[in-house]
Amino acid sequence: MGSILDIYTGFFGLSGRPFAIAPDPDMIFWSPQHRRAFSLMEYSIVTHAPITLVTGEVGAGKTLLVQRLLRSVGDDVIFGLVSQVRGYAEDVLPWVLLSLGEAADPQDSMVELYARFEERLIREYAAGRRVVLIFDEAQNLSDAALEQIRTLTNMNTGTDDLLQVFLVGLPSLRDRIEAPTLHPLAQRIGAASHLPAMDEETTTDYILHRLHAVGGETDLFSAEAIEMIHERTHGIPRLVNQLCDFAMVYAFSKNTDRIDHATIQQVIKDDVFFSGQTLLPPSEREAPPMAVFRAKAASRD
């Protein structure tokens, strides 16, 4: 007997689960906002930008873009993905070294850790490669830790670029970097992008794309159902996935292959869908363009 998941997908004639929560680079939906953000990330790699800032709401697709970037760059780039570091500046170098496969003994001094990291950068540079560090969930870093990361880019010279850094996090990270205490870091950022929530039209395209990717009928959700999905999720992809997934389970349990407004209402009424956040309207969530971001930082000179 097949698993319940097999029965669920088979009922709708799908080759897989269309609205899984875990990021899947093969299922990526290239909204205009995601395409712009990814193009900027690629541009930052090509132009050797010292620090790149990528922000977005929880579940907006930041980690998905990072995973895609890791798969798309050539052999001349060595990535170190740091997603566990929390808070203190002294934690930065050990986690950085571990992300690059280097040893970091708790007894090592900061001088020893720094020397080991510098040696690795020089070794990669001599082999025609450069190191790119990606700090995911960077909003969890303290100001001192962010400043420590900035000082690591001091290893670059005018002609030799050994290191690039990506800071990926929630919109609050951008707000902190704009503060006077992190002015030196703001000045080092070569590019910044923000992933806003999807509007209703983009949400519709997103749902149809996910269904099409697994061989599903694109009219599975009614227009009224999608309108309510967008209203309840605020256009955040991860929340859209959660609500759509629950709606398909409900439709399966009722032996119906179409999801209407009433199905979405029932999911919400039963409290099985939990967004866990209160979001601002889209007009208030938009991040300032890069020119404004730079102007704010420059005004403090």
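Residues numbered from 1 in each chain as written. Predicted model: local features only at pLDDT ≥ 70, side-chain atom pairs only at ≥ 80, totals over all residues. Heavy atoms only, no water.

As for the environment of Ala-186
With respect to the helices and strands, the residue Ala-186 is situated in helix H8 (residues 183-188). Note: C-alpha distance between Ala-186 and Leu-53 (133 residues apart in sequence) is 9.5 Å. (Helix = DSSP H or I, 4+ residues; strand = E, 2+ residues; numbered from the N terminus.)

Topic: the packing of helix H11 (residues 237-253) against helix H12 (residues 261-269)
The interhelical angle for the contact between H11 and H12, taken along N-to-C directions, is 105 degrees, at an axis separation of 9 Å. Considering the angle they form, H11 stands roughly perpendicular to H12. Across the interface between the two elements, Leu-243, Phe-246, Ala-247, Tyr-250 and Ala-251 from H11 touch Thr-263, Ile-264, Gln-266, Val-267 and Ile-268 from H12. Each residue belonging to the contact of H11 with H12 can be placed in one class, and the counts come to eight nonpolar, two polar and no charged. (Axes fitted to C-alpha atoms, helices over the stretch in contact; angles between N-to-C directions. Parallel < 35°, antiparallel > 145°, perpendicular 65-115°, else oblique. Contact = heavy atoms within 4.5 Å. Nonpolar A, V, L, I, M, F, W, Y, C, P; charged D, E, K, R; others polar.)

Details of the side chain of Asn-156
Relative to the helices and strands, Asn-156 is located in the loop between helix H6 (143-152) and strand E4 (163-169). When sequence neighbours within four positions are dropped, the list of residues in contact with Asn-156 reads Asp-161, Leu-162 and Leu-163.

Quick look at the pairing of strand E5 (residues 189-195)
In terms of burial, E5 is a largely internal element, six of the seven residues being buried. Where strand E1 (residues 51-56) meets E5, six bridges bridge the pair, whose relative direction is parallel. Across the sheet, the residue bridging to Ile-51 is Ile-189, located in E5. (Buried < 20%, exposed > 50% of the residue type's maximum accessible area, 1.4 Å probe, protein only. Pairing = 2+ DSSP bridges.)

Considering the environment of Phe-11
As for its placement among the helices and strands, Phe-11 is situated in helix H1 (residues 4-11). Given a relative accessible area of 27%, Phe-11 falls into the partly exposed group. Residues Phe-11 and Asn-255 lie 244 residues apart in sequence; the distance between their C-alpha atoms is 8.5 Å. Among residues more than four places away in sequence, those in contact with Phe-11 are Ala-251, Phe-252, Asn-255, Thr-256 and Asp-257.

Concerning the nonpolar core
With 33 residues, the main nonpolar core has Phe-117, Leu-133, Phe-135, Leu-167 and Ile-177 as its most contacted residues. Core analysis: the second largest hydrophobic core is formed by 32 residues, Ile-207, Leu-243, Ala-247 and Met-248 among them. (Core = buried A, V, L, I, M, F, W, Y, C linked by side-chain atoms within 4.5 Å.)

Quick look at the pattern of salt bridges
One pass over the structure, following the stated rule, counts 12 salt bridges. Close ionic contact of Glu-147 with Arg-150 constitutes a salt bridge, the shortest N to O distance being 2.5 Å. Placement of both Glu-147 and Arg-150 in helix H6 is noted, with a separation of three residues, approximately one turn of the helix. Look at Arg-150 and you get buried, because its relative accessible area is 12%. Between Arg-258 and Asp-219 there is a salt bridge, with its nearest N and O atoms 3.4 Å apart. One end of the pair, Arg-258, is in the loop between H11 and H12; the other, Asp-219, is in the loop between helix H9 (200-213) and helix H10 (223-233), with 39 residues separating them in the sequence. Classification of Asp-219 as partly exposed rests on a relative accessible area of 42%. (Salt bridge = Lys/Arg side-chain N within 4 Å of Asp/Glu carboxyl O.)

Some remarks on unusual backbone geometry
In this structure, His-234 takes a positive phi of about 60 degrees despite not being glycine. For His-234, the position within the fold is in the loop between H10 and H11. By relative accessible area, which is 30% here, His-234 ends up partly exposed. One non-glycine residue, Asp-271, lies in the positive phi region at around 60 degrees.

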